[in-house]
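Residues per chain are reported as follows:
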Amino acid sequence: YKDKLRSSTAILGVTFAVILLTLEIGMLAGLVQNASLLIDRSRADVWVTATNVKTFDFGSPIDRRKKYVIQSLPNVERVEEFNVSFSSWKLAEGGTSSVQIVAFDLRSNLAPPLNIVDGTREDLHNRDTIVIDRGECKKLGGMNVGDSTELIHQRAEIVGLTEGMRSFTT
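Not measured: the values here are computed from a predicted model. Position numbers for residues count from 1 along each chain, tracking the sequence in the order it is written. Totals for whole chains, interfaces and linings use all residues, but because this is a predicted model, local features are given only for residues with pLDDT of at least 70 and pairs of side-chain atoms are given and counted only at 80 or more. Side-chain metrics in this entry use all non-hydrogen atoms of the structure; hydrogen atoms and water are not considered.

(A) Quick peek at the pattern of salt bridges. One speaks of a salt bridge when a side-chain nitrogen belonging to Lys or Arg is within 4 Å of a carboxyl oxygen belonging to Asp or Glu. Scanning the entire structure with this criterion turns up nine salt bridges. One salt bridge in this structure joins Lys 90 and Glu 150, with 3.7 Å as the shortest N-O distance. Taken together, the residues span a long stretch of sequence, with Lys 90 in strand β1 (residues 82-90) and Glu 150 in strand β5 (residues 148-151) at a distance of 60 residues. Accessibility here uses a 1.4 Å probe with only protein chains present; expressed as a share of the type maximum, an area under 20% marks a residue as buried, one over 50% as exposed, and anything in between as partly exposed. On the basis of relative accessible area, Glu 150 is assigned to the partly exposed category, the value being 30%. Ionic pairing is found between Asp 128 and Arg 127, a salt bridge with its closest N-O pair at 3.7 Å. What makes Arg 127 exposed here is its relative accessible area of 73%. Through salt bridges that share partners, Arg 64, Lys 67 and Glu 81 make up one connected network. Comment: elements are numbered from the N terminus, with helices defined as DSSP H or I runs of at least four residues and strands as E runs of at least two.

(B) Representation of the pairing of strand β4 (residues 129-133). Burial runs high along β4: four of the five residues are buried. DSSP bridges decide pairing: two strands pair if at least two such bridges lie between them. Bridge count for β4 against strand β6 (residues 154-162) is five bridges, and the pairing is parallel. Along β6, the bridge assignment pairs Ile 130 with Ile 158.

(C) Seen up close, the packing of aromatic side chains. Here a pair means two rings of Phe, Tyr or Trp (six-membered ring of Trp) with centres within 6.5 Å. Their orientation is stacked below 30 degrees between planes, edge-to-face above 60, and tilted elsewhere. With the rule as written, the count across this model stands at two aromatic pairs. Here Phe 82 and Phe 104 contribute two aromatic rings whose centre-to-centre distance is 6.1 Å and whose plane-to-plane angle is 20°, an arrangement assigned as stacked. Here the residue Phe 82 occupies a position in strand β1, and Phe 104 occupies one in strand β2 (residues 96-104), the gap between them amounting to 22 residues. Aromatic rings pair up to connect Trp 47, Phe 82 and Phe 104 into one cluster.

(D) The arrangement of the confidence of the model for the protein chain in detail. Each residue carries a pLDDT value, the predictor's own confidence for that position, ranging from 0 to 100. Averaged over all residues, the pLDDT of the protein chain equals 84, while 92% of them reach at least 70. When pLDDT is averaged over each helix and strand of the protein chain, the minimum, 77, is found for helix α2 (residues 37-41) and the maximum, 92, for β6.

What follows is the structure, given as structure tokens:
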């Protein structure tokens, strides 16, 4: 009787551990995929950053002169700037939310394509305009197209919504 109970308990424990391990591996794989979302979807073959940058999310702009040096290298067809930074989003009900800002030239051929589901890419040509991912609307105070917010200490109007562009850092 005791051996059956111990065996059942051991089997249950091992089964639970295997299930937990499988879930953790799945979550890790999802986080890794989300962390590299912008890079994976871009069309760039090589990314160049400032010296000693530990992660893409915390990069700093490189000197503009280096851009021209890189552009002059053989086999370099095109160089485009892609800036990522963090800021505070002022919530309508008070308080702030930390957000990641991704900026790139709208004429870019290398940046990840925007999956805009509301609004158009052309709306971003207007001054102080942004698009946000639909999945972040609730977190950002129920914001929607046409609403305004304060971002980087200046007003910004939401002109579009993307889908599937957010990661756990954006």
